[in-house]
Amino acid sequence: VSTQSTGLLRTAFTVLKESDPRLINEILLYDDCSTNDELKAPLERHIADYPKIRIVRATERGGLVRARLFASRAARGQVLLFLDAHCEPTPGWLEPLLEPIAKDRTAVTMPSLDDINWQTLEYSGADTIWVIGGVNWLINMLWAPIPKREVERRQHNDPYPVTANLRTATMAGGLFAMDRQYFKDLGEYDQGMGVWGGENMELSFRIWMCGGSMLFIPCSKVGHIFRPAHPYDFMGNNADVVAKNYIRTARVWFDEELDFYFKIRPHFETIDAGDLTDRYELRKRLNCKSYAWFIRNVYPELPLERDLIGSGQLRTADGRCMDTRGKDLAQGNILHLGTCHTGEGRNSNSNRFMMFTKDGRLMGLNFCLDSGYGEELKFYNCHNQGGAQHFNYDIATSKITQNNGRCVTADVEKNKVITAPCKEGDPYQVWEFDYKYF
């Protein structure tokens, strides 16, 4: 059999093997018009002796979002447990996922993920119990360190804080458990979304803003095959499908923060997101809170526009700008110097979009700049402790300084941004924002 069908069978059979049978109503396999012949009659023969495994086949392809929606409507159990078709639960995985939902039907739970090699199917551990799901202004889910407030909450509320459940702002979306009726009451998935992309973030915002909660469960361990590329097409242009999904999310949930989002993604503002009437009505009916409430109460690590002294491109007088080159997606990368953009290109704006907060953080869209009190500026997780991550902006001189007498400087020879001793009249130590809030 192929790796695809092997992964699917491995998922279904390990769910049965590693779960208390009293907790499993059924295992529903949803076929979104697969073209793999092994997933037709051969699959049915493989599962013939397992009455709890049921196949539901679509009559036309809908994509991942609609497949999960239609599968949820066909499901019979009290709790929906969504799993990608390339997972392996471990012993004792299910009870910890179900317990919070049994206590509170508005709780949504996610297992801790281990890694299964996509080529060899070898199972290995991972460090996901030490992180939570965060979000940036591109509406991307990111893995963030457990914040101090959550560490303190667990220490206060649980006798075993290391393995206590973790509140998380967002989910990756592939694996989670949710009360079936609550999923329906909350509006299921947005049917206006295309194949894949952003549905996890939209659901995350909706859960928190409309009265629910989300928890990572460290004691529930599930292996997952992380593939290097999507094995399916997007029934159209990949970028257009995903962009539309993100725009639908932003227009429905961002409130007064929508303008800031379009400053980062200006090319999204004119894209037609389709009819949003039913999603606006759903939000009103559920009496959901604002996106600002979500940031302040669920993920305060993300600054709102009102928390900034400046944003956008940080430029020198000769038209050079700070440029992440997309490298702020990982820690330890340096800040580059590039030519300021003219608004053309899909990523030209976001790669050069910087944020300077009132509390002294100089950030890309994912991480904070940290000088280490040396020359190079590198991106690291924001620790909110000041030190080498604290910067000052002098409104009179437009210099960015640190408390060691060094200034943020454009190194035009090496095309990167560094810190150097402050010099009177140095034009490469003068920085102007696109958007000023002072």
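For the structure itself, look to the data block above.
What you are looking at is a predicted structure, and each value in this text was computed from that prediction instead of being measured.

*Asks:* Before we move on, can you summarise the pattern of salt bridges with the specific residues and values?
*Replies:* Enumeration over the complete set of coordinates arrives at 34 salt bridges. A salt bridge links arginine 54 to glutamate 26, with the nearest nitrogen and oxygen atoms 2.9 Å apart. Here the residue arginine 54 occupies a position in strand E2 (residues 53-57), and glutamate 26 occupies one in the loop between helix H1 (3-17) and strand E1 (27-31), the gap between them amounting to 28 residues. As a salt-bridge pair, lysine 40 and aspartate 31 come within 2.9 Å of each other at their nearest N and O atoms. Residue lysine 40 is classed as partly exposed on the basis of its relative accessible area, which comes to 28%. Members of the salt-bridge network, linked through shared partners, are Asp31, Lys40, Glu44 and Arg57.

*Asks:* An account of the nonpolar core is requested, with residue identities and associated values reported.
*Replies:* With 65 residues, the main nonpolar core has Trp137, Phe254, Tyr291 and Phe294 as its most contacted residues. Those residues in contact with phenylalanine 254 that sit more than four places away from it in its chain are Trp137, Ile139, Phe205, Thr249, Tyr261 and Tyr291. Residues Ile24, Leu29, Ile53 and Cys87 belong to the second largest nonpolar core, which totals 21 residues.

*Asks:* Can you break down unusual backbone geometry residue by residue, with the values?
*Replies:* Non-glycine residue aspartate 255 carries a positive phi angle of around 55°. Position of aspartate 255 relative to the elements: it lies in the loop between helix H8 (238-253) and helix H9 (258-264). The exposure class assigned to aspartate 255 is partly exposed, which follows from its relative accessible area of 29%. Unusually for a residue other than glycine, asparagine 287 sits at a positive phi of about 55°. Mapped onto the elements of the fold, asparagine 287 is located in the loop between helix H10 (277-286) and helix H11 (291-297).

*Asks:* Lay out the side chain of threonine 168 in plain terms, naming residues and giving numbers.
*Replies:* As for its position among the elements, threonine 168 is in the loop between strand E9 (166-167) and strand E10 (176-179). Threonine 168 gets classed as buried once you look at its relative accessible area, which sits at 1%. The contacts of threonine 168, once residues within four sequence positions are left out, are Met110, Ile132, Gly133, Trp208, Met214, Leu215 and Phe216.

*Asks:* Provide a residue-level description of the state of the cysteines, including the pertinent values.
*Replies:* Inspection of the entire model under this criterion finds four disulfides. With a sulfur-sulfur separation of 1.9 Å, cysteine 210 is cross-linked through a disulfide to cysteine 288. Here the S-S torsion is close to 100°, and the disulfide linking cysteine 210 with cysteine 288 is therefore right-handed. Of this pair, cysteine 210 sits in the loop between helix H7 (199-209) and strand E11 (213-225) while cysteine 288 sits in the loop between H10 and H11, and the two are 78 residues apart along the sequence. Between the sulfur of cysteine 321 and that of cysteine 340 lies a disulfide, 2.0 Å long from S to S.

*Asks:* Give a detailed account of H10, specifying residues and quantitative values.
*Replies:* Arg279, Leu282 and Arg283 are the residues of H10 that are buried. End-on, the buried residues of H10 take up no more than an arc of 95°, which puts them together on one face. H10 presents Lys284 and Arg285 as exposed residues on the side facing more than 90 degrees away from its buried surface. Backbone geometry just downstream of H10 places asparagine 287 in the positive-phi region, at approximately 55°.

*Asks:* Tell me about the pairing of strand E12 (residues 308-315), residues and numbers included.
*Replies:* As a general feature of sheets, a regular strand has side chains that alternate between the two faces. Along E12, seven of the eight residues are buried, which leaves the element largely enclosed by surrounding structure. Bridge count for E12 against strand E15 (residues 354-357) is four bridges, and the pairing is antiparallel. Looking across to E15, one finds that glycine 312 is bridged to methionine 354. Here E12 pairs with strand E23 (residues 432-436) via four bridges, running antiparallel. Its bridge partner lying in E23, arginine 315 is registered against glutamate 432.

*Asks:* Tell me about H7, and name the residues and values.
*Replies:* Burial within H7 is extensive, with eleven of its eleven residues counted as buried. All buried positions along H7 are accounted for by Glu199, Asn200, Met201, Glu202, Leu203, Ser204, Phe205, Arg206, Ile207, Trp208 and Met209. Immediately beyond the C-terminal end of H7, within one or two residues, lies glycine 211, with a positive phi of roughly 105°.

*Asks:* So, the packing of aromatic side chains: which residues are in play, and what are the values?
*Replies:* Any two aromatic rings considered together are summarised by their centre-to-centre distance and by the angle between their planes. The tally for this structure, following the rule as stated, stands at 22 aromatic pairs. Note on tyrosine 261 and phenylalanine 262: the rings are 5.6 Å apart at their centroids and 50° apart in plane angle, and the pair reads as tilted. Given the relative accessible area of 0%, tyrosine 261 is considered buried. Sitting over the ring of tyrosine 435, lysine 263 keeps its end group 4.5 Å from the ring centre. Over the ring of tryptophan 293 we find lysine 289, and its NZ or CZ is 5.0 Å from the ring centre.

Conventions and cut-offs
- Residues numbered from 1 in each chain as written.
- Predicted model: local features only at pLDDT ≥ 70, side-chain atom pairs only at ≥ 80, totals over all residues.
- Heavy atoms only, no water.
- Salt bridge = Lys/Arg side-chain N within 4 Å of Asp/Glu carboxyl O.
- Helix = DSSP H or I, 4+ residues; strand = E, 2+ residues; numbered from the N terminus.
- Buried < 20%, exposed > 50% of the residue type's maximum accessible area, 1.4 Å probe, protein only.
- Core = buried A, V, L, I, M, F, W, Y, C linked by side-chain atoms within 4.5 Å.
- Contact = heavy atoms within 4.5 Å.
- Disulfide = S-S within 2.5 Å.
- Arc of directions from axis to C-beta.
- Pairing = 2+ DSSP bridges.
- Phe/Tyr/Trp six-rings, centres within 6.5 Å; stacked < 30°, edge-to-face > 60°.
- Lys NZ or Arg CZ within 6 Å of the ring centre and 35° of its normal.

Geometric values such as these leave the question of function open.
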